[in-house]
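What follows is the residue order along each chain.
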Amino acid sequence: MDKVLLHVEGITVHYGRLAAVRDVSITVNEGEIVCVVGPNGAGKSTTLLSISGVLNPSSGNIVFSGEKINGIRPEIVARKGISQVPEGRHVFTTLSVEENLRIGAQIRKDRAEIEKDIKRVQELFPILGERRRQSAGKLSGGEQQMLVIGRALLTKPKIMTIDEPSLGLAPNIVDRVYEVLTTLREERGMTLLIVEQSSERALKAADRLYVIRNGEIQIEGKASELQDGEKIRQAYFGFNDEKNTVAEASS
Amino acid sequence: MQDIVKNFNYKKILSDKRALVILGIVISIIGIIVAVTDPVRFQILITSVSEGSFYALAALGIGLLFGVLRLINFAYGDWVMLAGYALILPSTAVTSTLIIGSFHPVLIVLIIIGFTVLLSVLSESTVFRPMRNTNPAIMMIASFALGYVLQNLTIMIYGGRPKSAGIFEELTQTVDLAEGVSVPLLKIITIGVTAVLLILLTLFLHRTRIGIQMRAAAEDFRMARMLGVRANFVIAMAFVISGFLASFVSLMYVTQIGILTFRMGTPIIVFAFIATVIGGMGSLVGSVVGGMVVGVSSVVLKNILPGSIRGFSDAFVFGIVIAILLARPQGLVPAKSARERV
Ligand SMILES: Nc1ncnc2c1ncn2[C@@H]1O[C@H](COP(=O)(O)OP(=O)(O)O)[C@@H](O)[C@H]1O
Ligand SMILES: [Mg+2]
């Protein structure tokens with residue numbers, strides 16, 4: 001039986017009076033890659049920000065390693081082992097590349113391990129070693145994406161949540177990012193929750209997939225079972241309803 | 001030649017970063033060359049740099065809190081004021097009696113630092129922490145309110161009349177630096193203390209874990225928290241440093257003026273705030289540059305303006321400020337943050 005690491009249990013999240021996310025449930029098992037795909041404005045970032053403790057769900061629960069974590073401050077959530085790579089990357093542009101990495105490690109006490117881990121990240125992304133003294137704002141978009149993944153890794157998370165890693169990157173860079181993410185799972189058993197707008201790449205990387213639209217989960221399933229794509233398209237664009245009405249009208 | 005004059009566009013120069021740096025260096029070099037040829041001018045140079053240092057420190061105390069918290073803290077001037085009153089016996093009597101101010105100089109400095117840091121941290125925990133998730137305008141108004149409370153508290157405890165407080169009086173004596181150049185020792189000490197504090201602050205922000213966390217939080221608070229940086233701790237640290245700087249501002253000011261009034265913080269905060277704005281809100285280098293611009297131009301103008309309009313030198317200082325802001329509304333050294341906190 002798979003061991004559940006993160007369980008989002010029917011959360012509803014409001015911005016003011018607007019419910020951006022309604023009754024969303026997501027399960028991530030240990031060692032899994034789970035993708036959530038949905039169009040712009042579907043509530044993907046809202047869901048990830050709630051998991052990280054930045055937003056507080058008005059109902060529902062978020063359970064991590066068997067412990068309820070909603071309502072806990074973001075810095076505590078990070079210390080419990082959830083590290084987010086947010087949408088738009090958010091490198092600290094005024095800090096050097098290495099300082100960015102070290103910020104990731106500051107919650108840890110195992111000093112010797114930290115130095116080793118920094119080396120490992122610099123091996124994984126050699127550019128981060130070569131440019132370690134440069135200010136992080138000078139890196140290209142792809143390099144910044146590598147930096148924030150490396151930075152998140154250095155918190156030694158049990159799960160990484162990644163918000164639209166392909167946003168604004170050239171296709172070959174996106175390939176590289178996904179290559180790294182799948183390597184992380186294979187070599188270190190990292191658990192990943194990835195959010196994307198397009199289902200193509202997500203389907204290739206994911207074990208399981210959720211489609212979210214208008215703040216609600218439409219379908220979920222094993223990636224292998226959703227390969228044909230038609231089901232996803234329906235859930236993503238909401239053609240379902242349209243087809244039904246067409247069918248009703250013609251009968 | 002006429003072309004050059006015609007094409008000279010101060011806004012263009014001020015909006016280009018490289019041109020601005022070169023302009024700054026050129027002005028400094030001209031200033032120094034002009035100054036070393038004449039004892040009186042040299043005196044003006046020392047005095048103006050000392051004034052600039054003073055405002056740089058005051059502006060840093062404000063800029064730091066703005067950087068981390070988006071708080072424009074108008075109570076800062078009243079911390080400076082209260083730190084001054086802490087030197088004397090709490091009483092409404094007309095004459096004042098030095099208590100802490102009569103201790104050994106090292107003890108005076110340490111106690112005033114402790115007092116101001118405590119005041120700053122208490123302001124944070126009682127007033128600003130509960131308001132942290134409101135917006136910057138509300139926090140700014142709260143800082144005004146806190147300032148008034150502190151001022152009225154001072155009137156209650158010490159009375160509303162100005163009181164004398166002569167500390168470090170030997171520092172107001174002049175020393176001869178060279179033939180015909182004599183300046184008050186305090187000016188030189190102000191420059192020296194500021195230089196040391198700037199170096200310490202820079203080392204702190206770049207070499208320590210807490211410092212790096214503070215810089216990260218100042219740029220992108222939410223991201224820093226998602227990496228485990230403790231919001232309460234970083235903000236408390238910013239208040240500690242801001243209070244620490246305020247204690248030096250106060251000691252320098254009281255030594256210079258020798259008189260305490262409950263309103264003495266106001267001119268300091270006005271000039272320091274202007275310095276942070278022209279430097280670039282939230283940028284620490286900007287605060288120092290802005291403080292220097294305000295301090296130096298204020299002293300230089302007081303000395304070079306013809307006698308009839310000398311009394312209005314502040315108007316010229318503000319004129320310079322407006323000119324800078326028209327060309328660079330973001331400030332001379334804008335900060336790299338401005339992302340909203342959640
Ligand atoms: N800070 C905010 N304030 C108000 N509404 C927001 C805010 N952020 C997002 N929303 C709204 O919430 C909904 C979901 O947004 P988001 O979670 O960012 O979607 P996604 O990440 O899937 O593109 C959208 O309708 C968006 O307009
Ligand atoms: Mg999003």
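Residues numbered from 1 in each chain as written. Chains lettered and ligands numbered in written order. Predicted model: local features only at pLDDT ≥ 70, side-chain atom pairs only at ≥ 80, totals over all residues. Heavy atoms only, no water.

**Some points on the sheet that holds strand E1 (residues 4-15) of chain A**
Residues and elements named next belong to chain A.
Alright, step 1. Ordered by their spatial adjacency, four strands build an open sheet running E2-E1-E4-E5, and the pairing between neighbours is antiparallel. Looking at which strands have only one partner, the edges of the open sheet turn out to be strand E2 (18-29) and strand E5 (67-68).
Alright, step 2. Bridge count for strand E4 (residues 59-64) against E5 is two bridges, and the pairing is antiparallel. Within E5, the residue paired with Phe64 across the bridge is Glu67.
Alright, step 3. Packing of helix H1 (residues 44-51) onto the sheet brings it into contact with E1, E2 and E4, and relative to E1 it is tilted by some 115 degrees. (Pairing = 2+ DSSP bridges. Helix = DSSP H or I, 4+ residues; strand = E, 2+ residues; numbered from the N terminus. Contact = heavy atoms within 4.5 Å. Axes fitted to C-alpha atoms, helices over the stretch in contact; angles between N-to-C directions.)

**Quick notes on the sheet that holds strand E9 (residues 208-213) of chain A**
All names here are of chain A.
Alright, step 1. Taken together, six strands build an open sheet; the order of strands is E6-E7-E8-E3-E9-E10 and the sheet is mixed. In this open sheet, the two edge strands, each paired with only one partner strand, are strand E6 (82-85) and strand E10 (216-222). Strand-to-strand twist of the sheet, defined as the mean angle between neighbouring strand axes without regard to direction, takes the value 15 degrees.
Alright, step 2. Relative to strand E8 (residues 191-196), strand E3 (residues 33-37) runs parallel, the two sharing five bridges. Paired with Cys35 across the bridge in E8 is Ile194.
Alright, step 3. Sheet strands in contact with helix H6 (residues 141-153) are E6 and strand E7 (159-163), and its direction is about 170 degrees off that of E6.
Alright, step 4. Of the strands in this sheet, E3, E7 and E8 touch helix H7 (residues 171-188), which is tilted by about 155 degrees from E8.

All we've got here are geometric facts, nothing functional implied.
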